[in-house]
Amino acid sequence: MTKSRILIIEDEREISRFMELELKCEGYEVTVEHDGMRGLIAAREQPFDLIVLDRMLPGMEGLEICRRLRKSSDVPIIILTAKGEVLERVEGLESGANDYLTKPFHLEELIARIRLHLRLYNANQRNELQFEDLVLNIRTRTVQRGEQPIDLSPREFELLQLFLQHPRQVLTRSEILEKVWGWDYDGQDNVLDVYIHTLRDKLERREAPRLLHTVRGVGYVMKEPA
């Protein structure tokens, strides 16, 4: 049986180490990051089944990480915080968190909540997205067209996942950049065109029909071959 993968983003190293050891003893595969930005990058580049996220972090605040992840992922998120007021809890849940645990907490309660959210997630999670002969597996982060596996970079995978989650729906350039690169992306304007070009090259090898189409002056759409 595959181990569930848990990401801990917590800057208090004694707490994170304690959680890591206990969760490993429970049979989970655990990754730990102590900086908010590094945690966000890890969450985007690797497949996790659940994230334990501290609210106050260096690099990027926990609620901002949660909001950004919710644009492209429904992975369960449990927020840890020293703030226990009702308004703080509401803010945490409205940012997209599934649960909220106030420090200090009993580890047994955290483990019980992790088990609950993993059960709910596994019951609801749709591992595979398919359109025509193109199949993307969210859990294993693999892609294949027909019987041919396709090797994608993390960003190309996110881009393809977005299109497969919205088949036949025209996505504007600004929508795509916001969901895949983040709302505050201020890089080169042609970065999307470059990624679309390389993604098409990989999807259309062996003269496979085009599925990713340009809508001039608007954006792109995943639809049946012309």
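Residues numbered from 1 in each chain as written. Predicted model: local features only at pLDDT ≥ 70, side-chain atom pairs only at ≥ 80, totals over all residues. Heavy atoms only, no water.

1. Remarks on helix α6 (residues 154-165)
Three or four residues apart is the spacing at which side chains of an α-helix point the same way, because the helix has 3.6 residues per turn. Going by this rule: Each helix corresponds to a stretch of at least 4 residues labelled H or I by DSSP, and each strand to a stretch of at least 2 residues labelled E; elements are numbered beginning at the N terminus. Expected helix span is given by 1.5 Å per residue-to-residue step, counting one fewer step than there are residues. Whether a residue is buried, partly exposed or exposed follows from its accessible area with a 1.4 Å probe, protein chains only, as a fraction of its type maximum: under 20%, in between, or over 50%, in that order.
Taking 1.5 Å as the rise per residue, α6 with twelve residues should run 16 Å; its terminal C-alpha atoms sit 16 Å apart, in good agreement. Most of α6 is tucked away, with nine of its twelve residues classed as buried. What α6 keeps buried is the set Glu156, Phe157, Glu158, Leu159, Leu160, Gln161, Leu162, Phe163 and Leu164.

2. Focus: the sheet that holds strand β12 (residues 219-222)
The test is simple: Strands are treated as partners if at least two bridges between them are detected by DSSP. Two residues form a contact once any of their heavy atoms are found within 4.5 Å. Axis definition: a line fitted to C-alpha atoms, over the contacting stretch in the case of helices. Angles run 0 to 180 degrees between N-to-C directions.
The strand order across the open sheet built from three strands is β10-β12-β11, with neighbouring strands paired in antiparallel fashion. The sheet terminates laterally at β10 (171-172) and β11 (212-215), the two strands that pair on one side only. In the sheet, β10 pairs with β12 via two bridges, with the strands oriented antiparallel. Within β12, the position partnered with leucine 171 by the bridge is tyrosine 220. Along the sheet, α6 contacts β10, β11 and β12; its crossing angle with β12, the most-contacted strand, is approximately 65°. Contacts from helix α8 (residues 191-203) reach β11 and β12 within the one sheet, and its direction differs from that of β11 by about 145°.

3. Observations concerning the sheet that holds strand β3 (residues 50-54)
The parallel open sheet is built from five strands, whose spatial order is β2-β1-β3-β4-β5. Looking at strand neighbours, the two that pair on one side only are β2 (29-33) and β5 (99-102), the edges of this open sheet. Taking each pair of neighbouring strands and ignoring which way they run, the sheet shows an average axis angle of 20°. Packed on one face of the sheet, helix α2 (residues 36-45) meets β1 (5-9), β2 and β3 and runs near 165° to β1.

4. Re the packing of α2 against helix α3 (residues 62-69)
As a reminder, the rule being used: Each angle gets one of four labels, with under 35 degrees taken as roughly parallel, over 145 as roughly antiparallel, 65 to 115 as roughly perpendicular, and the rest as oblique. Left-handed is the label given to a crossing in which the near helix is rotated counterclockwise from the far helix by less than a right angle, and right-handed is the label when the rotation is clockwise. When residues are grouped by polarity, Ala, Val, Leu, Ile, Met, Phe, Trp, Tyr, Cys and Pro land in nonpolar, Asp, Glu, Lys and Arg in charged, and all others, Gly among them, in polar.
Look at α2 against α3: their axes get within 10 Å of each other, and the N-to-C directions meet at 20°. With respect to each other, α2 and α3 are oriented roughly parallel. Viewed along their axes, α2 and α3 form a crossing whose handedness is right-handed. Here Gly36, Leu40, Ala43 and Arg44 of α2 come into contact with α3, specifically with Ile65, Arg68 and Leu69. A breakdown of the residues in the contact of α2 with α3 according to their chemical character gives four nonpolar, one polar and two charged.

5. Remarks on the pairing of strand β8 (residues 142-145)
The alternating pattern of β8 places Val143 and Arg145 on a buried face, while none of Thr142 and Gln144, on the opposite face, is buried. In this sheet, β8 lies alongside strand β7 (residues 134-137) in antiparallel orientation, the contact comprising four bridges. Following the sheet pairing, valine 135 is matched in β8 by glutamine 144. The turn joining β7 and β8, which pair antiparallel and follow one another in sequence, is formed by four residues; a positive phi near 55° is taken by arginine 141. Sheet topology places β8 next to strand β9 (residues 148-150); three bridges connect them, and they run antiparallel. Looking at the pairing, glutamine 144 lines up with proline 149 of β9.

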